[in-house]
Amino acid sequence: MIGIVPLLTVAFSFIMNMEYFVYLTFNWWSIMFMPMMIALFCALVHVREKQASNYNGIYSAPVDLRLVWLAKASVIALYSLLHN
């Protein structure tokens, strides 16, 4: 997905209008693909935690749940930053 989505962005921009290629590339990325990738990252984090221990490991750990969710959000933000 990390390699395919930017190529789709360029392809859509090229197909739509070559005159505004750069403008459309940034528009497609920020409006459509970036929110989809963030949603995909969130879903993957949830699935991984569900498969690992069905959230039993998080709830039984002596760690504040707010810190766990903040860490997960930070990882998703880092993945999104690296994805750009």
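Heads up: these notes are all about the structure in this document. If you're wondering where the values come from, they're calculated on a predicted model, not measured in any experiment. (Residues numbered from 1 in each chain as written. Predicted model: local features only at pLDDT ≥ 70, side-chain atom pairs only at ≥ 80, totals over all residues. Heavy atoms only, no water.)

Our focus in this paragraph is the overall build of the chain. Along its length, the chain carries 4 helices and 0 strands. Overall, the chain shows an N-to-C arrangement of helices and strands of α-α-α-α. With 84 residues in all, the chain has 23% of them scored as buried. Here the analysis covers contacts within the chain between residues at least 6 apart in sequence; of these, 48% occur between residues at least 24 apart. Summed over all atoms, the accessible surface of the chain reaches about 6300 Å², with 73% contributed by carbon and sulfur. (Helix = DSSP H or I, 4+ residues; strand = E, 2+ residues; numbered from the N terminus. Buried < 20%, exposed > 50% of the residue type's maximum accessible area, 1.4 Å probe, protein only. Contact = heavy atoms within 4.5 Å. Areas by Shrake-Rupley, 256 points an atom, 1.4 Å probe, with all protein chains shown as cover.)

Next up on the list: the layout of surface pockets. A volume near 220 Å³ is recorded for the largest pocket. Lining the largest pocket, in full, are Phe41, Leu44, Val45, Val47, Arg48, Glu49, Lys72, Val75 and Tyr79. Elements supplying a minimum of two residues to the lining of the largest pocket: α2 (21-53) and α4 (65-83). When residues of the lining of the largest pocket are assigned to their parent elements, the largest contribution, 6 residues, is made by α2. Across the lining of the largest pocket, the residue classes tally to 6 nonpolar, no polar and 3 charged. (1 Å grid on protein atoms, 1.4 Å probe; cavity = no way out; pocket = protein on both sides within 12 Å on 5 of 7 lines; lining within 4 Å. Points joined across faces, edges and corners; volume = space filled by probe spheres on them. Nonpolar A, V, L, I, M, F, W, Y, C, P; charged D, E, K, R; others polar.)

The values are spatial; any link to function lies outside them.
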